[in-house]
Amino acid sequence: MSNITIYHNPSCGTSRNTLEMVRNSGNEPTIIYYLDTPPTRVELIKLISDMGIAVRALLRKNVEPYEQLGLDEDKFSDEQLIDFMLQHPILINRPVVVTPLGTRLCRPSEIVLEILPEGQKGSFTKEDGEKVIDETGKRIK
């Protein structure tokens, strides 16, 4: 059983890169395909609290329901925004990773490196060709 969980969308390059950096640390995370299995209200509230971010910061803006629902207007309470995310999981930004060292929205994907219990085991290059980790497992800045 893994002590790392990723709320993952396999259609998202950032999410795929994040998952592969977790694996590059020698861990196989629990993968939650949140579009198919959205978090419960309690889980979503806990994730937001553990990340220390505002509810609105977890909203994905470049998806159709965002504009249709008028979410760019600052008239909704946190509870209402959570309701929208639960009704339309595509509105939940991703990937969210939970480890013993913390919970983060990993945008960009390298943010996951801050909370991985183990270092990288080898080189890693993102799908777009950007080299992130060198052959010795050190981050390239």
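First things first, this report covers the structure right here in the doc. (Residues numbered from 1 in each chain as written. Predicted model: local features only at pLDDT ≥ 70, side-chain atom pairs only at ≥ 80, totals over all residues. Heavy atoms only, no water.)

The next subject is the overall build of the chain. Of the regular secondary structure elements, the chain holds 4 helices and 6 strands. N-terminal to C-terminal, the α/β element order of the chain is β-α-β-α-α-α-β-β-β-β. In terms of C-alpha radius of gyration, the chain reaches 16 Å, essentially the compact-globule figure of 14 Å for 141 residues. The principal-axis extent of the C-alpha atoms belonging to the chain is close to 50 × 30 × 25 Å. Counting across all 141 residues of the chain, residues that qualify as buried make up 45%. In the chain, the share of contacts with a sequence separation of at least 24, taken over all contacts with a separation of at least 6, comes to 56%. (Helix = DSSP H or I, 4+ residues; strand = E, 2+ residues; numbered from the N terminus. Rg over C-alpha atoms; globule rule 2.2 N^0.38 Å. Buried < 20%, exposed > 50% of the residue type's maximum accessible area, 1.4 Å probe, protein only. Contact = heavy atoms within 4.5 Å.)

Here we come to the pattern of salt bridges. When the charged atoms of two side chains with opposite charge come close together, those side chains can pair. In this structure the tally under the stated criterion is 11 salt bridges. As a salt-bridge pair, E110 and K126 come within 3.1 Å of each other at their nearest N and O atoms. Of this pair, E110 sits in the loop between β4 (102-105) and β5 (124-125) while K126 sits in the loop between β5 and β6 (131-133), and the two are 16 residues apart along the sequence. Here the two residues E110 and K126 agree in accessibility, since each one is buried. The partner of E130 in a salt bridge is K126, and the shortest N-O contact between them spans 3.4 Å. If you follow the salt bridges from partner to partner, you end up with E20, R23 and E28 in one network. (Salt bridge = Lys/Arg side-chain N within 4 Å of Asp/Glu carboxyl O.)

Time to look at the nonpolar core. With 21 residues, the main nonpolar core has L58, L71, M85 and L91 as its most contacted residues. Sorting the residues of this core by element identifies α2 (41-51) and α4 (78-87) as the ones contributing at least two each. Once residues within four sequence positions are removed from consideration, L71 is found in contact with R56, L59, Y66, F76, L81, F84 and L91. Core analysis: the second largest hydrophobic core is formed by 14 residues, I6, I115, F124 and V132 among them. (Core = buried A, V, L, I, M, F, W, Y, C linked by side-chain atoms within 4.5 Å.)

This brings us to the environment of T125. Mapped onto the elements, T125 comes out in strand β5. Between the C-alpha atoms of T125 and L91, which are 34 residues apart in sequence, the distance is 28 Å. Look past the residues within four positions of T125 in its chain and what remains in contact with it is E130, K131 and V132.

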